[in-house]
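The lines below spell out each chain.
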Amino acid sequence: MKSNDRQVFLDALEQMKPPDPSANFEQRLHQDWERMVLTSPAKSTHGISEVLTFARTHHKLVIFLAMMAIIASVLLGQGTMGSAEDDLRHIDALSELSLSTM
Amino acid sequence: MNLFFIGQHRTEQALLRKAAAGDPNASKEVIGLLSLPAYSLAYRMLGNKEDAEDVVQEAFIRLWKSADSFSGKSKLFTYFYAIVSNLCLDQLKSGHKGVFEEFNELEHGSSEDVLLEFNGGITAEGIKKAMDALSTKQRMAILMWAYQDLTAEQVGLAMGMNKNSADQLLFRAKLKLKSELKKGDVDEIQ
């Protein structure tokens, strides 16, 4: 009932049309946006700002990419450590072989 | 809250953030979506085209600055209307010193006791005349109540008065509106 009361009043108000705004009204709003957002001194204009803009608007994707990067680096690190251990084993085997031939 | 509305609010949140981050298409969309309804609200509150345009311009500047604060829990309209209403209030306070300070309790009752129901159609002239008959405070309170879906307590908070005073103000605004519409023989209200 309460919200219906409100809606009835809003419907009535809709009939009271205000005069059209000035012809350049929306243009002024766009100019303000450009001044505020695009040419704001706090914003850098080089490539890093585009990356930051992307990060702010697609934060879920950025989190996903960061997770993938961490997992990839862990796997790569494990692989590198594994191959180093293999190399050491080879060196040990070679040195044992050379000792035995002596 | 309905999942559809949550999704819609999130879309609006993403759109606003894109605009504030420098996306020109998003900014065009936000301006196209909000500018005219906000102008109508400001005009109804201030009654002057130039003042209404200035207030909406200032409101957009605040919107771009505070884009990160919009949590997407409410409609973007509601969030923006709050900014516009507050700026209108500031404008009225600065232009009409004392208007918001005095408060005389002439009638006693709750705003919820008065229902605005119209039996037939209502003309634009009739509602304009009735709205013009309200005091600045009454017009402000009833528009905030209607457009922003605010309770008497929230209206009071925005206008710097306690809940009872705001409730009385809304009560008297509704009564006055009804009597003006009856007086003008514009419509029958139950």
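Model, not experiment: these values are computed from the prediction.

On a plain count of helices and strands, chain B comes out with 8 helices and 0 strands. Seen in sequence order, chain B has helices and strands lined up from the N terminus as α-α-α-α-α-α-α-α. Within chain B, buried positions represent 39% of all 190 residues. Excluding contacts between residues fewer than 6 apart, the proportion of contacts in chain B whose partners are at least 24 apart in sequence is 69%.

A few words now on the overall build of chain A. When helices and strands are counted, chain A shows 4 helices and 0 strands. Secondary structure elements of chain A occur, N-terminal to C-terminal, as α-α-α-α. For chain A, the residues scored as buried account for 7% of the 102 residues in total.

This part is about the packing of helix α7 (residues 152–159) of chain B against helix α8 (residues 163–183) of chain B. Residue and element names in this part refer to chain B. The interhelical angle for the contact between α7 and α8, taken along N-to-C directions, is 105°, at an axis separation of 8 Å. Comparing their axes, α8 and α7 come out roughly perpendicular. Here A152, E153, V155, G156 and M159 of α7 come into contact with α8, specifically with K163, S165, A166, D167 and L170. In terms of residue class, the contact of α7 with α8 is built from 5 nonpolar, 2 polar and 3 charged.

This paragraph deals with the interface of chain B and chain A. Across the boundary between the two partners, chain B contributes 31 residues, which contact 28 residues of chain A. Listed by contribution, the elements that provide at least two residues to the side of chain B that touches chain A are α1 (3–21), α2 (24–46), α3 (49–65) and α5 (124–133) of chain B. Looking at the side of chain B that touches chain A, the element that brings in the most residues is α2(B), giving 7 residues.

Because an α-helix packs 3.6 residues into every turn, residues spaced three or four apart end up facing the same way. Residue and element names in this part refer to chain B. Taking 1.5 Å per residue as the helical rise, α3 with its 17 residues ought to reach 24 Å, and the 25 Å between its terminal C-alpha atoms agrees with that figure. All of the buried residues along α3 are A52, E53, V55, V56, A59, F60 and L63. What you see down the axis of α3 is that its buried residues fit within an arc of 160°, all on one side.

The next point concerns the nonpolar core. All names here are of chain B. Among the nonpolar cores identified, the biggest contains 58 residues, and A38, A42, A59, F80, V84, A141 and L170 are the most heavily contacted of them. Among the elements that make up this core, the one with the highest residue count is α2 (10 residues). In this structure, this core is formed jointly by two domains, domain 1 (3–95) and domain 2 (111–183), each of which donates at least three residues. Excluding residues that lie within four positions of it along the chain, A38 makes contacts with V56, A59, F80, Y81 and V84.

What follows covers helix α6 (residues 136–148) of chain B. Residue and element names in this part refer to chain B. For α6, built from 13 residues, the straight-helix expectation of 18 Å at 1.5 Å per residue is met to within 8% by its first-to-last C-alpha distance of 18 Å. Burial analysis of α6 places 11 of its 13 residues in the buried class, which makes it a mostly covered element. In the stretch just after α6, D149 is the one whose phi turns positive, near 60°.

Residue and element names in this part refer to chain B. Taken residue by residue, chain B gives an average pLDDT of 80. The fraction at 70 or more is 78%. Per-element confidence in chain B ranges from a low mean pLDDT of 80 for α1 to a high of 94 for α3. Low confidence marks residues 97–107, where pLDDT is under 50. Its contacts with residues over four positions away, or in another chain, come to 14 contacts. Segment residues 186–190 is flagged for pLDDT under 50; beyond a separation of four residues in sequence, or across chains, it makes 20 contacts in the model.

Below, the discussion takes up the packing of α6(B) against α7(B). All names here are of chain B. For the pair α6 and α7, the least separation of the axes is 10 Å and the interaxial angle reads 130°. One way to sum up the angle between α6 and α7 is to call them oblique. The two elements α6 and α7 meet at a crossing, and its hand is right-handed. Of the residues in α7, those touching α6 at M140, A141, M144 and W145 are V155, A158 and M159.

We now examine the environment of Y39(B). Inspection of the secondary structure assignment puts Y39(B) in helix α2. Residues Y39(B) and D51(B), spaced 12 residues apart in sequence, show a C-alpha to C-alpha distance of 9.7 Å. Residues contacting Y39(B), with those up to four places away along its chain left out, are P18(A), P21(A), A52(B), E53(B) and V56(B).

Take the confidence of the model for chain A next. Chain-level statistics for chain A give a pLDDT mean of 79 and a share of 81% at 70 or above. Highest mean pLDDT in chain A belongs to helix α2 (residues 25–38) of chain A (92); lowest belongs to helix α3 (residues 47–57) of chain A (67).

Cut-offs and rules
Residue numbers restart at each chain and count upward from 1, following the sequence in its written direction. Each chain gets a letter, beginning with A, and each ligand a number, beginning with 1, in the order they are written. Where local features are concerned, this predicted model is filtered to residues with pLDDT of at least 70; where side-chain atom pairs are given and counted, the filter is 80 or more; whole-chain, interface and lining totals use all residues. The numbering of helices and of strands both runs from the N terminus, where a helix is a DSSP run of H or I of at least 4 residues and a strand a run of E of at least 2. Neighbour density around each residue's C-beta defines its exposure: 20 or more other C-beta atoms within 10 Å make it buried, 12 or fewer make it exposed, and counts between make it partly exposed, where C-beta atoms are placed from the backbone. Here, residues touch in the contact sense if the C-beta positions derived from the backbone fall within 7 Å of one another. Angles here are taken between N-to-C directions and fall from 0 to 180 degrees, while the axes themselves are lines fitted to C-alpha atoms, restricted in helices to the stretch in contact. Orientation categories follow fixed angle ranges, with anything under 35 degrees roughly parallel, anything over 145 roughly antiparallel, 65 to 115 roughly perpendicular, and all other angles oblique. Gly is put with the polar residues, along with every residue not named as nonpolar or charged; the nonpolar set is Ala, Val, Leu, Ile, Met, Phe, Trp, Tyr, Cys and Pro, and the charged set is Asp, Glu, Lys and Arg. Helix span, expected: 1.5 Å multiplied by one less than the number of residues in the helix. Read the arc as the range of directions from the helix axis to the C-beta atoms. Working definition: the nonpolar core is a set of buried Ala, Val, Leu, Ile, Met, Phe, Trp, Tyr and Cys residues, joined through C-beta atoms within 7 Å. Domain delimitation in this document rests on an assignment produced automatically or drawn from a domain database. pLDDT measures how confident the predictor is about each residue, on a scale from 0 to 100. Left-handed describes a crossing in which the near helix is turned anticlockwise from the far one by less than a right angle; the clockwise case is right-handed.

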